[in-house]
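Letter by letter, the chains look like this.
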Amino acid sequence: MDFNDTKEEAEFRSEVKVWLESNAPKSLQVAARYDAIDVKEDALSRAREWQAKKAESGYAAITWPKEFGGLGGTAIQSVIYSQEESKYNVPTGFFEIGLGMCIPTMMAWATSEQNERYVKPALHGEEVWCQLFSEPAAGSDVAGVRTKAEKDGDDWIINGQKVWTSGAHFSDFGIIVVRTDPNVAKHKGLSFFFLDMKSEGIEVKPIRQISGGANFNEVFFTDVRVPDSQRLGEVGEGWKVALTTLMNERLAIGVPKSADYSSLTKAAKEIDINDEPAIKNDLVRSKIADWYIQAEGLKYTKMRTLTSLSKGETPGPESSIGKIVSAPKMQDLASFAMDLQGAAGIMNDAEIALLHSIFQSQWLSAAGYRIAGGTDEILRNIVAERVLGLPQDVRVDKSVPFNELPSGR
Amino acid sequence: MNFDFSEDQKLLKEQVSKFLADNCSLSVVREVLEGEAFYSEDVWKGLVELGLTGTTIPEEYGGLGLGALELCVIAEELGRAAAPVPFSSSVYLGTEAIRIFGTESQKEKWLPKLAVGEIISTFALAETSSEPTEKNIKTLFSGGKVSGQKIPVADGSYADIAVVVVKDSDSDIISLAIVELNSKGVERNAVSTLDPSRDHADIIFKDADAELMDVDGEGWDAVERVLASAAVLMAFEQIGGAEASLNMAKDYALDRYAFGRQIGSYQAIKHKLADMYVKIELARSNSFYGAMMLNDEGADLKISAAASRVAATDAFNFAAQENVHTHGGIGFTWEADTQFFYRRSQVLALALGSSLTWKNKLVSQLEAKNVS
């Protein structure tokens, strides 16, 4: 048992190191993630530059076949590249959805002419893609979308609203799942398209979150015309196509690095309980230990997954526990750390609050991580059904025409 | 990246798993639980014949000379079967203590016998309702004799020798001593515990012959070291038990219908079982690291042992308890097999000290790490 690279992995890692050393931008300021309200055009253009460099070298899509501009490499090579790249302050957050979810869906369902046209510009960062699935009335139940497409000659006319669309405001193209037949059961009336985000009738508005930031958008469609040639899969089989995207999403879900047991330990040394440092309190110690085993458990679960990849095997289902554990941990740990501070815990002025208010900010944003990319409840369903083999929930909407389903406001 | 057991170790795991499936069904656990026997002699004999009691004993002392990783895979399977045998006492604790801290003559005398199962050993630490500490140990060693009381001692009613945690009556320093339990001055009686499939005894020593081990004046460190390796091994046993509990709950949830559907189709049950799975995987990943540290005598042994134990205790306690609950009324009956894991989970959870104690150890290690 060890964490060492195999000989081949070590060779690949040193190639990557050499390449990054001579190519990764050094003078970059903090490569801020995009914000939907405050669009940083120069952040996007720096990201495009870096993406183009990566694409030329093949590192932009290590596991893709060479015909699509990839390296034809292995999953573990992709991980090794990311590990090394993360040591540099390179811009991220613009192309992940396009290259991680949209383009793989295109590769599976679009014509070869279409892939010829779209894959390369996406890979090189020239064109950005977004994913238009969620709607105000279709979140966890994403097959419940109401945005409709009606046939008009060789085109489809799309009307409706999408929500929680990351990057819609700077995207060139999007993939969308819409309802083409409301008279049949929910999953059977869907179709799948890709479209030009600059089409007439598309309006993008940022959503401001609890945390004050704005990482997502609402996208409104008013008589948006899309040619039938941009349909992926058959009419009425959009759900099948959407599953390709969602399978890829499961691989991409994660939560960011956050204040963990070590920050809590630090705080517990500075805060007193009954005139003694909180770190001496058994309840506090017990909580630190709980979050330590969660953090370490996830860390070593990842090592187990990487081991499978390293051996060329398909990772076991254990990787599915990640967000179930980490998202509530973010929220609970932050909440506990604020509780330790008493009345001071409500203050989130970074100049005044303990540890620059990391716990207060984390507590606000964690509420979103428990929802994004699958709620706690949906993820537990996935573990129960796909890992443990328990039955699906009873679906009362299965054989009822979509337009006869009861709905809320 | 090679953070996994080797093919040979996985093969050993399968071999042990098959032996236990054939010879140690839950009806064997029930026989011991309901009967007079302290343990299943047949199962123990089979484990000895497979050479497992000598797993980590060097070949020069008649063992297999394998490492801690092999013991981990064995432990997991014993846990899955809730095997009613003294493996944890005799191997993780007694044998390991002698292997690490025995004098040369003690090793020569005892290890060959332990390897071939000629004798069974145990580890005697607890004395009162308070967690044992360097200060509160009252069993005294003086002039080659030991006096005091150890309770409860796992497998103490029939073990042949015990590694006893003692305090030197002159220096007040903690040490380890080997005592032959059939000798004069040793009085022992079985005590009733939550899990009658695993014997525990009350042992009173009155000037019993004892021989000090080689702990070099640092007896409490030796105790901590023995407990650390046992914590990792027992964590694997707990993981095996937790997984068996989850599987039992899952089978029942698929089989049982209520309100016209399988109870396993209700989210209240699905999410409970998903939570069992999550806790088990967290425990397994922590314990993999504990196993690696134990095998390599790594710098993180103590902290990873504590993490393995805390996580595995949480997983097994939760899985065993919620397995009973998932079964509803039938799960609470004497005839149901749910009780074996429910009982065993609590015995394993407390055997090496409470969760609170291990959480404290974990955080102390964390503090020490941050300082250095």
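Residues numbered from 1 in each chain as written. Chains lettered and ligands numbered in written order. Predicted model: local features only at pLDDT ≥ 70, side-chain atom pairs only at ≥ 80, totals over all residues.

### Observations concerning the overall build of chain B
Worth spelling out the cut-off: Helix and strand assignments follow DSSP, with helices taken as H or I runs no shorter than four residues and strands as E runs no shorter than two, numbered in order from the N terminus. We take the radius of gyration over the C-alpha atoms and set the globule estimate at 2.2 Å times the residue count to the 0.38 power. The exposure label follows from counting other C-beta atoms within 10 Å of a residue's C-beta, where the C-beta atoms are placed from the backbone and the thresholds are 20 or more for buried and 12 or fewer for exposed, leaving partly exposed in between. Two residues qualify as a contact pair if the distance between their C-beta atoms, derived from the backbone, is within 7 Å.
Broken down by element type, chain B carries eleven helices and ten strands. A compact globule built from 372 residues should have a C-alpha radius of gyration of about 21 Å, and chain B, at 20 Å, falls within 12% of that. Its C-alpha atoms put chain B at 75 × 50 × 40 Å along the principal axes. Out of the 372 residues belonging to chain B, those deemed buried represent 56%. Counting contacts in chain B only where the partners sit at least 6 residues apart, residues at least 24 apart contribute 74% of the total.

### A closer look at the overall build of chain A
Counting its secondary structure elements, chain A contains eleven helices and ten strands. Taking 2.2 N^0.38 as the reference for a compact globule, 409 residues should give roughly 22 Å; the C-alpha atoms of chain A span a radius of gyration of 23 Å, in line with that estimate. In terms of overall dimensions, chain A has C-alpha extents of about 75 × 55 × 45 Å along its principal axes. Each of the 409 residues in chain A was classed as buried or not, and the buried ones make up 39%.

### Section: the packing of helix α5 (residues 87-101) of chain B against helix α7 (residues 219-255) of chain B
Residue and element names in this part refer to chain B. What counts is decided by this rule: Axes, fitted as lines to C-alpha atoms, cover a helix only where it is in contact. Angles between the N-to-C directions of the axes lie from 0 to 180 degrees. Whether a crossing is left-handed or right-handed is set by the direction in which the near helix is turned from the far one by less than a right angle, anticlockwise for left-handed and clockwise for right-handed. Charged residues are taken to be Asp, Glu, Lys and Arg, nonpolar residues to be Ala, Val, Leu, Ile, Met, Phe, Trp, Tyr, Cys and Pro, and polar residues to be all remaining types, Gly included.
Contact geometry for α5 and α7: axes closest at 10 Å, N-to-C directions at 145°. Our pair here, α5 against α7, has a crossing hand that is right-handed. Facing Ser88, Tyr92, Leu93, Glu96, Ala97, Ile100 and Phe101 of α5, the residues of α7 in contact are Ala222, Arg225, Val226, Ser229, Ala230, Leu233, Met234 and Glu237. For the contact of α5 with α7, a count of residues per class yields ten nonpolar, two polar and three charged.

### Some points on the nonpolar core
Residues and elements named next belong to chain B. Our working rule: By definition, a nonpolar core groups buried Ala, Val, Leu, Ile, Met, Phe, Trp, Tyr and Cys residues that connect through C-beta atoms lying within 7 Å of each other.
Core analysis: the biggest nonpolar cluster contains 227 residues, and Val179 and Leu273 have the highest contact counts within it. Of the residues forming this core, the biggest block, 20 residues, is contributed by α7. Every residue in contact with valine 179, bar those within four places of it in the chain, is listed here: Val146, Ile161, Ala162, Val164, Val186, Phe205, Ala208 and Ala210.

### Concerning helix α10 (residues 358-369) of chain A
Residue and element names in this part refer to chain A. Worth spelling out the cut-off: The span you would expect from a helix comes to 1.5 Å times its residue count less one.
Counted at 1.5 Å a residue, the expected span for α10 with its twelve residues is 16 Å, and the 16 Å between its end C-alpha atoms agrees. For α10, the set of buried residues is Phe359, Gln360, Gln362, Trp363, Ser365, Ala366 and Tyr369. Among the structural elements, α9 (322-340) are those in contact with the buried residues of α10.

### Considerations on unusual backbone geometry
With omega at -5°, the peptide bond leading from Ile151(B) into Pro152(B) counts as cis. Located in the positive-phi region is Leu355(A), a residue other than glycine, with phi close to 50°. Looking at the secondary structure, you find Leu355(A) in the loop between α9 and α10. Here the phi dihedral of Ser357(A) falls at roughly 60°; this positive angle occurs in a residue that is not glycine. Locating Ser357(A) in the fold gives a position in the loop between α9 and α10. The partly exposed category is assigned to Ser357(A), around which 18 C-beta atoms lie within 10 Å.

### Quick look at the interface of chain A and chain B
Interface size, as often reported, equals the accessible area lost upon joining of the parts. Across the contact, 37 residues belong to chain A and 36 residues belong to chain B. At the level of elements, α8 (282-310), α9 and α11 (376-387) of chain A are the ones that each hand at least two residues to the side of chain A that touches chain B. At 17 residues, the largest contribution of residues to the side of chain A that touches chain B is made by α8(A). Per-class residue counts for the side of chain A that touches chain B are 19 nonpolar, nine polar and nine charged.

### Some remarks on the packing of helix α4 (residues 68-81) of chain B against α7(B)
All names here are of chain B. Interhelical geometry of α4 versus α7 gives an angle of 35° and a closest axis separation of 6 Å. Both α4 and α7 take part in a crossing whose hand is right-handed. Facing α4, whose interface residues are Ala68, Leu71, Cys72, Ala75, Glu76, Glu77, Leu78, Gly79 and Arg80, α7 presents Ser229, Leu233, Phe236, Glu237, Gln238, Ile239, Gly240, Gly241, Glu243 and Ala244. Class assignment of the residues belonging to the contact of α4 with α7 gives a composition of nine nonpolar, five polar and five charged.

### Observations regarding the pairing of strand β4 (residues 173-179) of chain A
All names here are of chain A. Operational definition: Think of it this way: DSSP has to see at least two bridges between two strands before they count as a pair.
Within β4, seven of the seven residues are buried, which leaves the element mostly enclosed by the surrounding structure. Covered by surrounding structure in β4 are Phe173, Ile175, Val177 and Arg179 together with Gly174, Ile176 and Val178, the residues of both alternating faces. Pairing between β4 and strand β5 (residues 190-196): seven bridges, direction antiparallel. Within β5, the position partnered with isoleucine 176 by the bridge is phenylalanine 193.

### Quick word on the confidence of the model for chain B
Interpreting fine coordinate detail is not advised for predicted regions of low pLDDT. Under the convention used in this document: Each residue carries a pLDDT value, the predictor's own confidence for that position, ranging from 0 to 100.
Averaged over every residue, the pLDDT of chain B is 97; the share at 70 or more is 100%. Taken over the whole predicted complex, pTM reads 0.95, whereas the ipTM for its chain interfaces reads 0.95.

### Re α9(A)
All names here are of chain A. The criterion, for reference: What we call the bend at a residue is the angle made by axes fitted to the seven residues finishing there and the seven residues starting there.
The end-to-end C-alpha distance of α9, which contains 19 residues, comes to 27 Å, matching closely the 27 Å that a straight helix rising 1.5 Å per residue would cover. Its maximal kink placed at lysine 329, α9 deviates by approximately 25°. One or two residues past the end of α9 sits glycine 342, with phi positive at roughly 60°.

### Description of the environment of Val91(B)
All names here are of chain B. Mapped onto the elements of the fold, valine 91 is located in helix α5. Note on valine 91: 28 C-beta atoms within 10 Å, which makes it buried. In this structure the C-alpha to C-alpha distance between valine 91 and leucine 114, which are 23 residues apart in sequence, comes to 8.3 Å.

### Here's the deal with the environment of Leu227(B)
Assignment of secondary structure puts Leu227(B) in helix α7. For the pair Leu227(B) and Leu348(B), spaced 121 residues apart in sequence, the C-alpha separation works out to 13 Å.

### Some thoughts on the environment of Ala244(B)
Residues and elements named next belong to chain B. Examined against the element boundaries, alanine 244 turns out to sit in helix α7. Its 23 C-beta neighbours within 10 Å are what place alanine 244 among the buried residues. Linking alanine 244 and alanine 320, residues 76 residues apart in sequence, is a C-alpha distance of 8.7 Å. Excluding anything up to four places from it in sequence, alanine 244 contacts Arg80 and Phe341.

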